[in-house]
Amino acid sequence: MIKLIGILMVAVGFELRLNPLLVVVAAGLATGLAAGFSPEEVLALLGTSFVDNRFMTLPVLLMLPVVGLLERHGLQERVATLIRRSTEATAGRVLLAYHALRAGASTVAVNIGNHASMVRPVVAPMAEGAAARAGSPSPDKAAGIRAHAAASENLGNFFADDIFVAVGPVLLIKGVLDAAGVPADVTAIAWWGAPTALWVLAVGWWRYRALDRRLSGGGS
Amino acid sequence: MTLLGLEFFLVLGGLGFGAMAVGVARDRTHPRRIATALFWTLLAVCFVAGKHLPPVMAGLLVVAMAVLAGTRSVTPPAAAAAKGTDRAVEAVRLGNRLITPVVLIPILVLAGGYLLPFASLADVRLVFPAQATQVALGLACGFALLVASRVTGAGATVALAEGGRLVHAMGWALILPQLLASLGGVFARAGVGEVVANAVGSTLPLHLPLAAVVAYCAAMALFTIVMGNAFAAFPVVTLGIGVPFIVREHGGNAAIMGALGMLSGYCGTLVTPMAANFNLVPAILLNLPDRHAVIRAQAPMAAAIWIFNVVLMALCVYRF
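Rules of the game
- Residues numbered from 1 in each chain as written.
- Chains lettered and ligands numbered in written order.
- Predicted model: local features only at pLDDT ≥ 70, side-chain atom pairs only at ≥ 80, totals over all residues.
- Helix = DSSP H or I, 4+ residues; strand = E, 2+ residues; numbered from the N terminus.
- Buried ≥ 20, exposed ≤ 12 C-beta atoms within 10 Å, placed from the backbone.
- Contact = placed C-beta atoms within 7 Å.
- Domains from an automatic or database assignment.
- Nonpolar A, V, L, I, M, F, W, Y, C, P; charged D, E, K, R; others polar.
- Expected span 1.5 Å × (residues − 1).
- pLDDT = per-residue confidence, 0-100.
- Axes fitted to C-alpha atoms, helices over the stretch in contact; angles between N-to-C directions.
- Parallel < 35°, antiparallel > 145°, perpendicular 65-115°, else oblique.
- Left-handed = near helix turned anticlockwise from the far one by under 90°.
- Core = buried A, V, L, I, M, F, W, Y, C linked by C-beta atoms within 7 Å.

The number of helices and strands found in chain B is 15 helices and 2 strands. Considered along the principal axes of its C-alpha atoms, chain B spans approximately 65 × 65 × 45 Å. Across the 320 residues of chain B, 49% fall into the buried class. Taking contacts inside chain B between residues at least 6 apart in sequence as the whole, the part at least 24 apart equals 69%.

A separate point is the overall build of chain A. The number of helices and strands found in chain A is 11 helices and 0 strands. Secondary structure of chain A in N-to-C order comes out as α-α-α-α-α-α-α-α-α-α-α. Structurally, chain A occupies a C-alpha span of about 70 × 35 × 35 Å along its principal axes. Looking at chain A as a whole, 63% of its 220 residues qualify as buried.

A few words now on the domain arrangement of chain B. Much of the literature gives interface size as the accessible area that the parts lose upon coming together. Under the domain assignment used here, chain B contains domain 1 (6–70), domain 2 (87–154) and domain 3 (191–316). Distance between the C-alpha centres of domain 1 of chain B and domain 2 of chain B: 27 Å.

Here we take up the interface of chain A and chain B. Each side of the interface is counted separately: chain A has 103 residues, and chain B has 121 residues. Element by element, the count of residues in the side of chain A that touches chain B is highest for helix H4 (residues 58–72) of chain A, at 14 residues. Among the residues forming the side of chain A that touches chain B, the class breakdown is 67 nonpolar, 23 polar and 13 charged.

For chain A, the assigned domains are domain 1 (1–52) and domain 2 (58–166 + 192–216). Centre-to-centre separation of domain 1 of chain A and domain 2 of chain A, based on C-alpha positions: 36 Å.

This part takes up helix H2 (residues 33–49) of chain B. The terminal C-alpha atoms of H2 of chain B, which comprises 17 residues, lie 24 Å apart, in line with the 24 Å expected from a rise of 1.5 Å per residue. Looking at H2 of chain B, one finds that the buried residues are Thr 36, Ala 37, Phe 39, Trp 40, Leu 43, Ala 44, Cys 46 and Phe 47 of chain B. Its buried side turned inward, H2 of chain B meets helix H3 (39–52) of chain A together with helix H1 (6–25) and helix H3 (55–70) of chain B. Looking one or two places after H2 of chain B, you find Gly 50 of chain B, whose phi comes out positive at around 50°.

With that settled, the discussion passes to H3 of chain A. It helps to recall that an α-helix has 3.6 residues per turn; residues three or four apart then point in one direction. Residues and elements named next belong to chain A. Between its first and last C-alpha, H3 extends 20 Å over 14 residues, near the 20 Å set by a 1.5 Å rise per residue. Of all 14 residues making up H3, 10 are buried, and the element is well covered by its neighbours. Of all the residues in H3, the buried ones are Val 42, Leu 43, Ala 44, Leu 45, Leu 46, Gly 47, Thr 48, Ser 49, Phe 50 and Val 51.

Here the focus is the confidence of the model for chain B. With 98% of its residues at a pLDDT of 70 or more, chain B shows a mean pLDDT of 88. Element-level pLDDT for chain B is lowest in strand S1 (residues 120–121) of chain B, with a mean of 74, against a maximum mean of 97 in helix H15 (residues 293–316) of chain B.

Attention now goes to the packing of helix H12 (residues 254–271) of chain B against H15 of chain B. All names here are of chain B. Remark: H12 packs on H15, axes separated minimally by 8 Å, with the N-to-C direction vectors making an angle of 165°. Compared by their axis directions, H12 and H15 come out roughly antiparallel. In the packing of H12 onto H15, the handedness of the crossing is left-handed. Of H15, the residues touching H12 (which contributes Ile 256, Met 257, Leu 260, Leu 263, Ser 264, Cys 267, Leu 270 and Val 271) are Ile 295, Gln 298, Ala 299, Met 301, Ala 302, Ile 305, Trp 306, Asn 309, Leu 312, Met 313 and Cys 316.

For the rest of this paragraph, the subject is the environment of Leu 312 of chain B. Inspection of the secondary structure assignment puts Leu 312 of chain B in helix H15. As a C-alpha pair, Leu 312 of chain B and Ile 256 of chain B span 56 residues in sequence and 9.3 Å in three-dimensional space. Dropping the residues within four chain positions of it, Leu 312 of chain B is found in contact with Pro 195 of chain A together with Leu 260 of chain B.

Take the nonpolar core next. If you look at the biggest cluster of nonpolar residues, it comprises 197 residues, and the most contacted ones within it are Val 94, Val 123 and Ala 127 of chain A together with Tyr 216 of chain B. Each residue touching Ala 127 of chain A, except ones within four places of it in the same chain, is listed here: Ala 91, Val 94, Leu 95, Ile 145 and Ala 149 of chain A.

This is the structure we're talking about:
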């Protein structure tokens with residue numbers, strides 16, 4: 001049971017907002033010691049694991065020069081234009097368009113935005129603007145639009161990055177399965193994420209449409 | 001023998017970290033010049049020397065990097081004033097040509113993943129088949145970078161500087177997924193999975209294949225809610241429930257289990273205040289009076305997605 005100390009350390013450390021790298025390394029060292037390894041053995045185990053998993057950081061690293069260059073020349077502004085053109089009518093459709101674009105880009109591990117760079121300056125104002133055409137929304141309803149804008153970012157970000165090969169989560173899954181002695185094919189792991197990604201788009205459509213209904217109906 | 005391996009790109013990435021370290025070391029205005037340069041140097045050593053490092057030494061480097069990050073010593077350089085390009089004007093001028101390089105990458109990766117293993121001359125192969133997709137990604141990024149510089153008219157030095165800027169912006173967070181995977185490796189060797197498996201196996205009817213699927217997906221969501229991070233929960237739950245019960249006892253497909261298990265974990269991320277970056281920080285950024293407004297908007301979505309994952313896994317994991 002003492003071997004579970006690492007799990008506890010991660011939960012408590014993250015809750016206390018300690019630096020995650022520090023928390024994870026401490027949890028690894030404590031778990032190894034609790035399992036009866038010597039300090040040298042634990043360090044060697046951590047070092048070997050880290051070196052074996054270098055391939056996980058690589059894709060992000062290789063993509064950043066391309067993304068950085070395109071960002072400098074207005075990639076995010078172009079995405080905003082595409083959202084604006086693809087939707088006229090409602091707040092919900094703006095959110096669905098952003099969700100779809102965000103998810104499409106993250107299938108290839110490209111981050112076209114996050115809460116600070118896209119949602120606050122672009123997506124949320126655009127959705128509120130669309131809703132305001134049918135009369136200014138109440139503060140309550142405006143808050144609902146903004147909360148769903150943040151949700152569209154999270155849905156687009158989380159659930160599509162498993163589809164194309166060699167991005168972070170897929171490689172983590174492979175690394176853990178390999179270490180457990182049940183090797184799995186990277187391509188298979190990646191493709192089995194696709195049905196859920198499509199389903200998430202449908203779930204988004206359902207919730208954004210419900211938002212539109214609340215906005216156009218009376219009540220709060 | 002093979003001409004082009006993953007190691008080549010790892011060394012290339014390591015040299016990139018090294019260049020960033022040199023850049024920081026020469027920047028006298030940087031507030032944490034020495035410590036930040038040291039962090040990127042240690043990471044560069046891990047990537048370039050890799051498997052040639054003595055394991056204990058590699059472990060010490062990892063500990064040192066964690067301490068540097070934990071003492072808030074790794075910071076980006078002051079943002080250089082953007083000169084020369086007005087993004088809005090450029091976005092209008094370049095239009096969809098800005099999207100082309102982004103779309104090129106997946107096409108090239110897919111094509112390369114299938115074709116590269118066949119490329120050979122006599123008995124010299126271009127790539128090792130197991131690394132084909134990753135090598136393809138490296139080549140695709142190189143090609144996309146050429147296209148991007150052609151489209152934007154910017155040179156290679158600008159592209160590398162922009163890449164460096166984004167890596168600095170991510171800072172230590174860049175290696176968090178890699179480190180969490182390493183923690184998974186330590187957990188596996190330490191036998192954490194067996195402890196969880198014994199505890200769960202003695203309380204739940206995991207000898208039923210369906211019960212194992214539901215328990216695995218539920219545990220992924222619950223551990224993610226508690227730990228705040230699906231990447232951290234994944235090794236624990238997979239080693240404790242997924243591998244021993246779904247794969248070993250019932251003969252389930254490991255790839256399907258892993259993919260849908262991780263996605264079940266993300267459902268937990270959507271509803272936990274522990275994932276502050278995703279759920280609480282946006283509420284502040286968007287001036288929402290209720291700090292949990294984002295979580296409340298996401299809760300029905302999380303439930304619908306989790307149920308879908310469980311049903312899909314139950315239908316497929318024992319069949320393919």
